[in-house]
Amino acid sequence: MARGGDARTAGARTVRAARAARAARTVPALLTAAALLATAACSGSGGKDGEGRESGDGGGKGVGTERMTVAMVTHAGEGDTFWDIVKSGAEQAAAKDNVEFLYSADKEGDEQAQLVQTAVDREVDGLIVTLAKPKALESVVKKAVRAGIPVVTINSGGRHSERLGALSHIGQDESVAGEAVGEELNREGREKALCVIHEQGNVSLEERCAGAAKTFDGSMDLLNVDGTNMPSTQSSVEAKLQADQDIDAVVALGAPFAAAAVKAKENAGSRAQIATFDLNASVVKALRAGDVRFAVDQQPYLQGYLAVDELWLHRTNANVLGGGEPVLTGPAVVTEKDVPRLEKYIERGTR
C-alpha cells in the first residue's frame, strides 16, 4: 500500500544520511590511497612491464616491488558481463603492481568455496572473495585468514566481511542502493513494481529488492528466475506482466537482465518502465533509446582495481583502505543524460 508524502520525505532523508555518513568515512581513505599510489608511481623506476595491460590504457612501467600472487574468486554466473568489468579493473591494477592475478568463479556457493580452498592451498599472497552466499564461504575464508593470507571482500556480503576477518569490503551498500531505486520509482510516479531476482539465495540481490521496497511508496512483487537461462528469464517476466497489467515498473538486478525485461515488456504489451542495476553497452543503448529509464551504477571496474591495490598496499606499506570500514563504490543513478559522458568508457569495458 502506498505511503504518504511525510513517509517518503523521511525515507529520502534516511538514505541521504546513510550515504553521507558512509561517504565521510570512505572519501578520506580513497584520497589517502590515491596519494600513496601517486607517490609509488613517481618513485617506482625499473621493474617489469605489467603483464596483461590493456592497449592504450595506463601505460608506463610497473612498480619495482617484489612479485606477488593474488587470487580473486567470485560467484559469477556464465555470461554475466558485469564480471568482465571487475576483472578488467583487477588486471589493470595487477599489471601496475607487479602482481600475478588468478581468477576463478562459480555461482554455486559450495563450488566457490572449493575454488577459495584451491587458492589457500596454493599459498597465494592475497585473496579477493565475493560473499553472495556467506554461509558457504565462511569456513574457508576464516581458514585463509588463519593461514596468514590477507583477504579483501568485494561486491556482495559486505556486512559479513569484518566477522570473517577480511581487511575491508569494497562495493556498494546494497540496501542503500535499493533504497535509491525506490526513491527514483517514486519520482517517476510508479505505483506497482516487479523486482526480478536472477539468483536465488544471493544475499545482495535480496537486499536490493528489500531496500527498494522500503522506500517505494507503491507495492512491490518479487519474481525469482533462472538467470543462467535468459530465454526462460524473459518468458517468466513476460508471463508476470501479462498476468498483472497493473505492474508499471520492472527492476532488473543486473545489466544482462535489463534487455530481457525490455523484450518481455514489448511482448506482453505492458506499460511498465524498466530500471536496472549495473551498466553495459546494451543498457547504455537502451538508456539512449528510452527503453530503460535509469540504471544504478556500482562501478565494478573500481571494485576489482581497488581490491588488488589494497592487497599490494597492505603488503608493501601495511595500509588498509577505509581503516577497515566499507569502501563504497556506489550507488549512482545513471539516466539518458549521463550517456554522452560515460559512453566511451562503456565501449572500452571499464564502466
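Described below are features of the structure shown in this document. It should be emphasised that the depicted structure is a prediction, and the values quoted were computed from it without experimental measurement. (Residues numbered from 1 in each chain as written. Predicted model: local features only at pLDDT ≥ 70, side-chain atom pairs only at ≥ 80, totals over all residues. Heavy atoms only, no water.)

**Overview of helix 7 (residues 203–215)**
Our working definition: Helical segments are the DSSP runs of H or I of at least four residues, strand segments are the runs of E of at least two, and each set is numbered from the N terminus. To estimate how far a helix should extend, the number of its residues minus one is multiplied by 1.5 Å. The buried label goes to any residue with under 20% of its type's maximum accessible area, the exposed label to any with over 50%, and the partly exposed label to all in between, with areas taken from a 1.4 Å probe on protein chains only. Definition of a polar contact: a pair of N or O atoms within 3.5 Å, with one able to donate and the other able to accept a hydrogen when the atoms are protein atoms, and with sequence-neighbouring residues admitted only if both atoms are side-chain atoms.
End to end, helix 7 covers 19 Å across 13 residues, agreeing with the expected 18 Å (1.5 Å per residue, within 8%). Along helix 7, the residues that are buried comprise Val203, Ser204, Leu205, Glu207, Arg208, Cys209, Gly211, Ala212 and Thr215. With a side-chain oxygen lying 3.0 Å from the backbone nitrogen of Ser204, the N-terminal cap of helix 7 falls on Asn202.

**With respect to the environment of Ser204**
Here is the rule: Note on contacts: a residue pair is in contact if any heavy atoms of the two residues lie within 4.5 Å.
Along the chain, Ser204 turns up in helix 7. With relative accessibility at 3%, the residue Ser204 sits in the buried group. The spatial distance from the C-alpha of Ser204 to the C-alpha of Leu253 is 9.6 Å, given a sequence separation of 49 residues. In contact with Ser204, other than residues within four places in its own chain, are Asn155, Ser156, Gly157 and Glu174.

**Concerning the sheet that holds strand 1 (residues 68–74)**
To keep things clear, this is the line we draw: Two strands form a pair only when DSSP identifies at least two bridges running between them. With axes taken as lines fitted to C-alpha atoms, and helix axes fitted only over the stretch in contact, angles between N-to-C directions fall between 0 and 180 degrees.
Taking strand neighbours across the sheet as the criterion, the six strands line up as 2-1-3-4-5-11 in an open arrangement whose pairing is parallel. At either margin of the open sheet sits one strand with a lone partner, and together these are strand 2 (99–105) and strand 11 (327–330). Each adjacent strand pair in this sheet contributes to an overall mean axis angle of 15 degrees, direction not counted. Set on the sheet, helix 2 (residues 82–97) makes contact with strand 1, strand 2 and strand 4 (151–154); between it and strand 2 the angle comes to about 165 degrees.

**Considerations on helix 12 (residues 339–347)**
It helps to recall that an α-helix has 3.6 residues per turn; residues three or four apart then point in one direction. What counts, and what does not: Comment: arc refers to directions from the helix axis out to C-beta atoms.
Within the span of helix 12, buried status applies to Val339, Leu342 and Ile346. Buried positions in helix 12, seen along its axis, are confined to an arc of 80 degrees and lie on one side of it. In helix 12, the exposed positions that point more than 90 degrees away from the buried face belong to Pro340, Arg341, Lys344 and Glu347. Residues of helix 12 that are buried make contact with helix 10 (281–289) and strand 12 (332–334).

**Here's the deal with the pattern of salt bridges**
Defined as follows: The salt bridge definition used is simple: a Lys or Arg side-chain nitrogen within 4 Å of an Asp or Glu carboxyl oxygen.
A complete count under the given rule lists 20 salt bridges for this structure. Between Arg159 and Glu207 there is a salt bridge, with the nearest N and O atoms lying 2.8 Å from each other. Of this pair, Arg159 sits in helix 5 (residues 158–161) while Glu207 is found in helix 7, placing the two residues 48 residues apart along the sequence. Given the relative accessible area of 62%, Arg159 is considered exposed. The class of Glu207 is buried, set by a relative accessible area of 16%. In this structure, the salt-bridge partner of Lys192 is Asp244, at a minimum N-O distance of 2.4 Å. Separated by 52 residues along the polypeptide, Lys192 in strand 6 (residues 192–197) and Asp244 in the loop between helix 8 (230–243) and strand 8 (249–252) bring together distant segments of the chain. For the pair shown, Lys192 and Asp244 are each scored as buried. Through salt bridges that share partners, Lys192, Asp221, Lys240 and Asp244 make up one connected network.

**What about the state of the cysteines?**
We apply this condition: Defined by distance alone, a disulfide is two cysteine sulfur atoms within 2.5 Å.
For the structure shown, the criterion picks out one disulfide. The disulfide that involves Cys195 links it to Cys209, with 2.1 Å between the sulfurs. Handedness here is read from the sign of the S-S torsion; for Cys195 and Cys209, about -85 degrees, the answer is left-handed. Of the two residues, Cys195 is situated in strand 6 and Cys209 in helix 7; the sequence distance between them amounts to 14 residues. Cys209 carries the same exposure label as Cys195, and that label is buried.

**Observations regarding the side chain of His160**
Relative to the helices and strands, His160 resides in helix 5. Of the polar contacts made by the side chain of His160, one reaches the side chain of Arg163; its length is 3.1 Å. Contact partners of His160, with chain neighbours within four places excluded, come to Leu131 and Pro134.

**Focus on the packing of helix 6 (residues 174–187) against helix 7**
Rules: An angle below 35 degrees is read as roughly parallel, one above 145 as roughly antiparallel, one from 65 to 115 as roughly perpendicular, and any other as oblique. Helix crossings get a hand from a simple test, with the near helix turned counterclockwise from the far one by less than a right angle marking a left-handed crossing and a clockwise turn marking a right-handed one.
Here helix 6 crosses helix 7 at 40 degrees, and the two axes come no closer than 6 Å. Classified by the angle their axes make, helix 6 and helix 7 are oblique. For the element pair helix 6 and helix 7, the recorded crossing hand is right-handed. Seen from helix 6, the contacting residues are Glu174, Ser175, Gly178, Glu179, Val181, Gly182, Glu183 and Asn186; seen from helix 7, they are Ser204, Glu207, Arg208, Gly211, Ala212, Lys214 and Thr215.

**Some points on the pairing of strand 5 (residues 168–172)**
Most of strand 5 is tucked away, with five of its five residues classed as buried. The pairing of strand 4 with strand 5 spans three bridges and is parallel. Looking across to strand 5, one finds that Ile154 is bridged to Ile170. Pairing analysis gives three bridges linking strand 5 to strand 11, with the strands arranged parallel. Each residue of the ladder has a partner; that of Gln172, found in strand 11, is Gly330.

**Overview of the side chain of Thr329**
With respect to the helices, strands and loops of the structure, Thr329 is situated in strand 11. Classification of Thr329 as buried rests on a relative accessible area of 3%. Each residue touching Thr329, except ones within four places of it in the same chain, is listed here: Ile170, Gly171, Gln172, Asp297, Gln298, Gln299, Leu302 and Gln303.

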